[in-house]
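Structural features, examined
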Amino acid sequence: QSTWGRLRGPGLESSFAAQFFAHLVRAWQTMARSPARMAMLVALHLLSGVMLGAAFLDNARGVFIPPVPSTIAAFCPAAVRLFCETEALQFGPLKIISFYMPSALGTAAVATSVLTYGPGLGVYRREATHGASTLAYVVACAVADLPIIVFGALLYGATFVPLASPSASWASQWVLHIAYEWAAFGIGYFLSTMLSAHTSLVSALGITFIVACFNGAAPKLRVVRESFSVLRVLWDLSPGMWVFSATFALEAREYLDVAGGAFVASTKRLADEYGLDIDGFGLAIGMLFLIGLALRVATWLRLLAMS
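Residues numbered from 1 in each chain as written. Predicted model: local features only at pLDDT ≥ 70, side-chain atom pairs only at ≥ 80, totals over all residues. Heavy atoms only, no water.

Things to note about the overall build of the protein chain
In terms of helices and strands, the protein chain carries 15 helices and zero strands. On the principal axes, the C-alpha backbone points of the protein chain span a range of 80 × 40 × 35 Å. Counting every position in the protein chain, which comprises 307 residues, the buried fraction comes to 48%. As displayed, the protein chain has an accessible area near 13,800 Å², and 70% of this comes from carbon and sulfur atoms. The distance from the centre of the 19 positive side-chain charges to the centre of the 16 negative ones in the protein chain is 10 Å. (Helix = DSSP H or I, 4+ residues; strand = E, 2+ residues; numbered from the N terminus. Buried < 20%, exposed > 50% of the residue type's maximum accessible area, 1.4 Å probe, protein only. Areas by Shrake-Rupley, 256 points an atom, 1.4 Å probe, with all protein chains shown as cover. Lys, Arg positive; Asp, Glu negative; His and termini not counted. Charge placed at Lys NZ, Arg CZ, Asp CG, Glu CD.)

Put into structure tokens, the structure is as follows:
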């Protein structure tokens, strides 16, 4: 049977659209019958936001302060002048958020997403043998989980943002959380079709930690791109790196939007030192959605192989 034929589901009289809506309704019915899953979703996202945000309770607005202006750095001794010019006055909180946010929000996301496919794979196999469209199934599952992704990001942001007090707007933070959660859900999807329920959850949690490590803060992204050759792809494909880039772009905007501001030049110097794009928020969000889409395509291919 050809791949195109398997997409259309020739063994069934129903169209792709009819199969898609049937899968979509069934997915939402399954959610409605699983209050424990929704309770876990709410608890994990709220707890993740509180635990990470509580670390910044004594923090003033903003989690980033650029290096001192050049006029002040010029007074530093020659041996440490480069350090004065390129090291932020406050960068620790932003680095901490960029490490722990992928772990915390990723944990909540994968714990929810591994349940999307895992319990229903037996039913999928039976339907696939009769010509059901795998693509309709995958697209329906992705669409069915969109409200969960948006709601989960809302819960996380509702607790994390007020506690951490980043300078970026709440809406911008919410968009970032949605984009990362979209990518993290893809990790859970793919692993749940490869491994058992318990193993896929443990593996997905481990991957969220690895993703957080490849964030471009240490080692610096500039060093990675200049010295790590083909290994740089590990950072380029890591959602954690794009979270760091997006968070930096949002916080840096606070200083770049001030015309003639004292910290404009020093903020750009810091961005060059770390290899970050001060206007890279949109690119980072796009890459997170692209990574999530690629993982859903990989899940589709895996299911095709299974059937």
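Side note on the pattern of salt bridges
Within the structure shown, the criterion is met by nine salt bridges. Salt-bridge contacts for Asp145 lead to Arg37; the nearest nitrogen and oxygen are separated by 3.7 Å. With Asp145 in helix α8 (residues 134-164) and Arg37 in helix α3 (residues 35-53), this pair connects stretches of sequence that are 108 residues apart. Grouping residues by exposure puts Asp145 and Arg37 together as buried. Two residues, Arg222 and Glu226, come together in a salt bridge whose shortest N-O distance is 3.2 Å. Here Arg222 and its partner Glu226 are both found in helix α11 (residues 221-227), four residues apart, which amounts to about one turn of the helix. (Salt bridge = Lys/Arg side-chain N within 4 Å of Asp/Glu carboxyl O.)

Some thoughts on the state of the cysteines
Under the counting rule described, the total for this entry stands at one disulfide. Paired by a disulfide, Cys76 and Cys84 hold their sulfur atoms 2.3 Å apart. Residues Cys76 and Cys84 are joined by a disulfide whose S-S torsion is about -105 degrees; by sign, that bridge is left-handed. Accessibility expressed as a relative area gives 16% for Cys84, which makes it buried. (Disulfide = S-S within 2.5 Å.)

Re the environment of Leu201
Relative to the assigned elements, Leu201 resides in helix α10 (residues 197-213). With 87 residues separating them along the chain, Leu201 and Val114 place their C-alpha atoms 6.5 Å apart. Sequence-distant contacts of Leu201, defined by excluding residues within four places in its chain, comprise Val110, Ala111 and Val114. (Contact = heavy atoms within 4.5 Å.)

Some details on a nonpolar patch on the surface
Taken together, the side chains of Val230, Leu231, Val233, Leu234 and Leu237 present a nonpolar region at the surface, about 480 Å² in accessible area. Tracing the sequence through the fold places Leu234 in helix α12 (residues 233-236). Assessed through its relative accessible area of 44%, Leu234 is described here as partly exposed. (Patch = residues over 30% accessible without salt bridge, like charges linked within 9 Å, V, L, I, M, F, W, Y side chains within 5 Å.)

Here's the deal with the nonpolar core
Residues Phe64, Phe91, Met101, Tyr117, Tyr180 and Phe248 are the most contacted members of the largest nonpolar core, which totals 69 residues. When residues of this core are assigned to their parent elements, the largest contribution, 13 residues, is made by α8. With near-sequence residues (within four places) excluded, Tyr180 lies in contact with Met101, Pro102, Leu105, Gly106, Val211, Pro239, Val243 and Leu288. (Core = buried A, V, L, I, M, F, W, Y, C linked by side-chain atoms within 4.5 Å.)

Some thoughts on the packing of helix α6 (residues 92-117) against helix α9 (residues 170-192)
Taken N-terminus to C-terminus, the directions of α6 and α9 make an angle of 45 degrees; their axes are 7 Å apart at the nearest point. Compared by their axis directions, α6 and α9 come out oblique. The two elements α6 and α9 meet at a crossing, and its hand is right-handed. Along its contact with α6, which presents Met101, Pro102, Leu105, Gly106, Ala109, Val110, Thr112, Ser113, Val114, Thr116 and Tyr117, the element α9 presents Leu176, His177, Tyr180, Glu181, Ala184, Phe185, Gly188, Tyr189 and Ser192. (Axes fitted to C-alpha atoms, helices over the stretch in contact; angles between N-to-C directions. Parallel < 35°, antiparallel > 145°, perpendicular 65-115°, else oblique. Left-handed = near helix turned anticlockwise from the far one by under 90°.)

Notes on helix α14 (residues 264-274)
Burial analysis of α14 places eight of its 11 residues in the buried class, which makes it a mostly covered element. Listed as buried for α14 are Val264, Ser266, Thr267, Arg269, Leu270, Ala271, Glu273 and Tyr274. The inward-facing, buried residues of α14 abut α4 (70-73), α5 (81-86), α6, α11 and α13 (239-256). After α14 finishes, the residue Gly275 shows a positive phi value of roughly 75 degrees.

As for the packing of aromatic side chains
A complete count under the given rule lists 19 aromatic pairs for this structure. Considering the side-chain rings of Phe99 and Phe209, the 5.9 Å spacing of their centres and the 85 degrees angle between planes classify their relative orientation as edge-to-face. You can see Phe99 sitting in helix α6 and its partner Phe209 sitting in helix α10, a full 110 residues away along the chain. Three or more aromatic residues joined by ring pairs form one cluster here, namely Phe64, Phe91, Phe244, Phe248, Tyr255, Phe263 and Tyr274. Looking at Lys220, its charged tip hangs above the ring of Tyr274, at a distance of 4.9 Å from the centre. Its guanidinium or amino end placed over the ring of Trp182, Arg296 lies 3.5 Å from that ring's centre, counting from NZ or CZ. (Phe/Tyr/Trp six-rings, centres within 6.5 Å; stacked < 30°, edge-to-face > 60°. Lys NZ or Arg CZ within 6 Å of the ring centre and 35° of its normal.)

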